[in-house]
Each structure stands twice: as structure tokens, then as C-alpha cells.
Amino acid sequence: MAHRGASDDAPEHTLAAYRKAIEDGADALECDVRLTADGRLVCVHDRRVNRTSNGRGAVSALELADLAALDFGSWKDREESPDWDPVPGELTSVLTLERLLELVIEVRATGRALQLAIETKHPTRWAGQVETRLLELLTRFGLDEPPADGPAPVRVMSFSARSLHRVRLARPSLPTVYLMQFVSPRLRDGRLPAGARIAGPGMRIVRNHPEYVERLHRAGHPVHVWTVNEPADVARCAELGVEAIITNRPKHVLAQLGRA
């Protein structure tokens, strides 16, 4: 799963990064979403745009037009030109979730079962509205229900159990991933909060507590690990039998797994 696209090669959350991940053979794309002041979902990780653009301010306080005027890609410094050809503008423009969904639909129309993992960011001034807008978009694109003959094309991820609970109530069949930076004492036996179907531990948890993956599997939960970039960590995840590896380097991980 390509974390914010092929973000080791291209600026994170740009359309160029996602096209590169698709070209590299990723099975799925991962993105973060935040709601703008005028109600549009955009793919931006941080609460503020300061780190990943030439602007300043909170995403929730800016309108889409404000974000569209910023450069979201030139900050990524390359010593050499990339060995691939990005489409002009796709390295620097803010990416809406709507446009990313269009890309996923385009690829799936070719017969490739590309999937998308969408992380809702919290806390937010738009509590509940992020999930509502997200589900509206997924419904419009026909991605809110799994097909009869295959896996669900979209899963929703969050560090917020409340967010996942909202999604589960509205769309019970939509897979949900509970992300973890640490393991809560009440969840050490492998349980997950209500509304979560899939465990999403950080690589640090897996590295320091590999037995936790076995507990999650015993409890019947698939395990999706983030963010897995180093070869030793890829090997560890493969040995533990995790169901998904979330990485900035999909091309390298696929090669290590013998799938290049």
C-alpha cells in the first residue's frame, strides 16, 4: 500500500505521487483527508499547510481556492531528475479526494483491482462532517460497498475510534482500520474498539512487540502495518504474516517480496 502515494519519489499526496505508485505496481493507495473551510475534502496530512506547501495556515480555515494557489511540491528537493515523467502541474497542485477517486475509478476500469485506504484526521473542528462528506463521495463514485465477487475497493482508517464508529454505523460493510501509535492496556489481548475490523499498528509496535500481531490474528483481525520502509522491517512483517504493508517505497517493497 503506497503511503501518501510513492512519497519517497514524489511529493506526498500529489497526483504525481499516486500515479508513480500505480506505475510501480502498488496494490493500494493510502491518503489522509481534511475538510476545507468550504466543505471540500483534500489530501493533506498535517493540520496546517506549512510543512508541505509554500503557504501557512490551518486547512480547516482555508478554502479550496486558497489551497489551489499554493505550491505543494517544490519543497521536495531532488539531487537528480526523476526517472519518470510527471504530468505538468501534478507535482505541485493540492489534490482533492474527488480527483483521487476519479483516478482510482480510471484504473479499476482497466481491470486492475486497485484499492484505496482513506485516513480521517482528528481532532478536527469539523467533527462528524468529515465522515459525512467522505461517505457522500464514496456513494457518488459507487465505492461505498464491496462488490459481490471481490474485496472492498475502499477502506477507512483512523486513530479515532469515534470516527470509525461513525463510519461503521452508516456503512456497516465498509472495512475500517484502527491505527495505533501504542497499544492501549485494555486492547493488549488483541481486541479492537467497536467499529474497527482491522488493526493498524505502527512499525514500532511490531518491531518491539511482534507477539502482538499473533494476538490480533487470534482475535480474528487482519493486520495492516505502517510505515514500513526498511528492508529488515519488510522482512519482519512478511515473517509475521501481516495482511498489508503501508510504505513510502512501494517499488522497493514489491521487489523485496519478489513481486517486481
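Residues numbered from 1 in each chain as written. Predicted model: local features only at pLDDT ≥ 70, side-chain atom pairs only at ≥ 80, totals over all residues. Heavy atoms only, no water.

*Asks:* Looking at this model, I keep getting lost on the overall build of the protein chain. Mind explaining?
*Replies:* Within the protein chain, the regular secondary structure consists of nine helices and nine strands. By the compact-globule yardstick of 18 Å for 260 residues, the protein chain fits well, its C-alpha radius of gyration being 18 Å. On the principal axes, the C-alpha backbone points of the protein chain span a range of 50 × 40 × 35 Å. Across the protein chain, the fraction of contacts at a sequence separation of at least 24, relative to all contacts at a separation of at least 6, is 57%. Within the structure as shown, the protein chain displays about 12000 Å² of accessible surface, and the carbon and sulfur contribution to it stands at 48%. Between the averaged position of the 35 positive side-chain charges in the protein chain and that of its 35 negative side-chain charges there is a distance of 7 Å. (Helix = DSSP H or I, 4+ residues; strand = E, 2+ residues; numbered from the N terminus. Rg over C-alpha atoms; globule rule 2.2 N^0.38 Å. Contact = heavy atoms within 4.5 Å. Areas by Shrake-Rupley, 256 points an atom, 1.4 Å probe, with all protein chains shown as cover. Lys, Arg positive; Asp, Glu negative; His and termini not counted. Charge placed at Lys NZ, Arg CZ, Asp CG, Glu CD.)

*Asks:* It is not clear to me how the nonpolar core should be interpreted in this structure. Could you clarify?
*Replies:* Grouped burial of nonpolar side chains is what soluble globular proteins tend to show. Leu29, Cys31, Leu97, Leu100, Leu116, Ile118 and Leu138 are the most contacted members of the largest nonpolar core, which has 57 residues in total. With six residues, the single largest contributor to this core is helix H3 (residues 97-108). Excluding residues within four positions of it along the chain, Leu29 makes contact with Met1, Ala2, Tyr18, Ala21, Ile22, Leu100, Val104, Leu114, Gln115, Leu116 and Ala117. Of all hydrophobic cores here, the second largest spans ten residues; its members include Val44, Leu62, Leu64 and Val94. (Core = buried A, V, L, I, M, F, W, Y, C linked by side-chain atoms within 4.5 Å. Buried < 20%, exposed > 50% of the residue type's maximum accessible area, 1.4 Å probe, protein only.)

*Asks:* What is the right way to look at the packing of aromatic side chains in this model?
*Replies:* Two aromatic rings are characterised by how far apart their centres lie and by the angle between their planes. Tallied over the full model, the rule gives one aromatic pair. For the pair Phe159 and Trp226, a centre-to-centre distance of 5.6 Å together with 90 degrees between the ring planes defines the contact as edge-to-face. Of this pair, Phe159 sits in the loop between strand E5 (154-158) and helix H5 (161-170) while Trp226 sits in the loop between strand E8 (224-225) and helix H8 (231-240), placing them 67 residues apart in sequence. By relative accessible area, Phe159 is classed as partly exposed at 34%. (Phe/Tyr/Trp six-rings, centres within 6.5 Å; stacked < 30°, edge-to-face > 60°.)

*Asks:* What am I meant to see in H8 here?
*Replies:* Side chains of residues three or four places apart in an α-helix project in the same direction, reflecting 3.6 residues per turn. Residues Asp233, Val234 and Cys237 constitute the buried set of H8. Along the axis of H8, the buried positions cluster into a sector of 105 degrees, meaning they face one direction only. Residues of H8 that are exposed and point more than 90 degrees away from the buried face comprise Ala232 and Glu239. Looking at the buried residues of H8, the elements they touch are helix H6 (203-208), E8, strand E9 (244-245) and helix H9 (250-256). Once H8 ends, the next one or two residues include Gly241, with phi positive near 75 degrees. (Arc of directions from axis to C-beta.)

*Asks:* I'm lost on the packing of H3 against helix H4 (residues 129-140) in this one. Help?
*Replies:* The contact between H3 and H4 brings their axes to 11 Å, and the two run at 30 degrees. What the angle tells us is that H3 and H4 run roughly parallel. Seen along the crossing, H3 lies across H4 with a hand that is right-handed. Counted together, Leu97, Glu98 and Leu101 of H3 and Leu134, Leu137, Leu138 and Arg140 of H4 form the full contact between these two elements. (Axes fitted to C-alpha atoms, helices over the stretch in contact; angles between N-to-C directions. Parallel < 35°, antiparallel > 145°, perpendicular 65-115°, else oblique. Left-handed = near helix turned anticlockwise from the far one by under 90°.)

*Asks:* Before we go on, may I ask you to explain the pattern of salt bridges in this structure?
*Replies:* When their charged atoms lie close together, side chains carrying opposite charge are able to pair. With the rule as written, the count across this model stands at 22 salt bridges. For Asp46, the salt bridge goes to Arg51, with nearest N and O atoms at 2.7 Å. For Asp46, a relative accessible area of 17% gives the class buried. A salt bridge links Glu102 to Arg99; the shortest N-O distance between them is 3.5 Å. With Glu102 and Arg99 both in helix H3, this residue pair falls three residues apart, about one helical turn. Overlapping salt bridges, with partners in common, bring together Arg4, Glu12, Asp32, Asp46 and Arg51 in one network. (Salt bridge = Lys/Arg side-chain N within 4 Å of Asp/Glu carboxyl O.)

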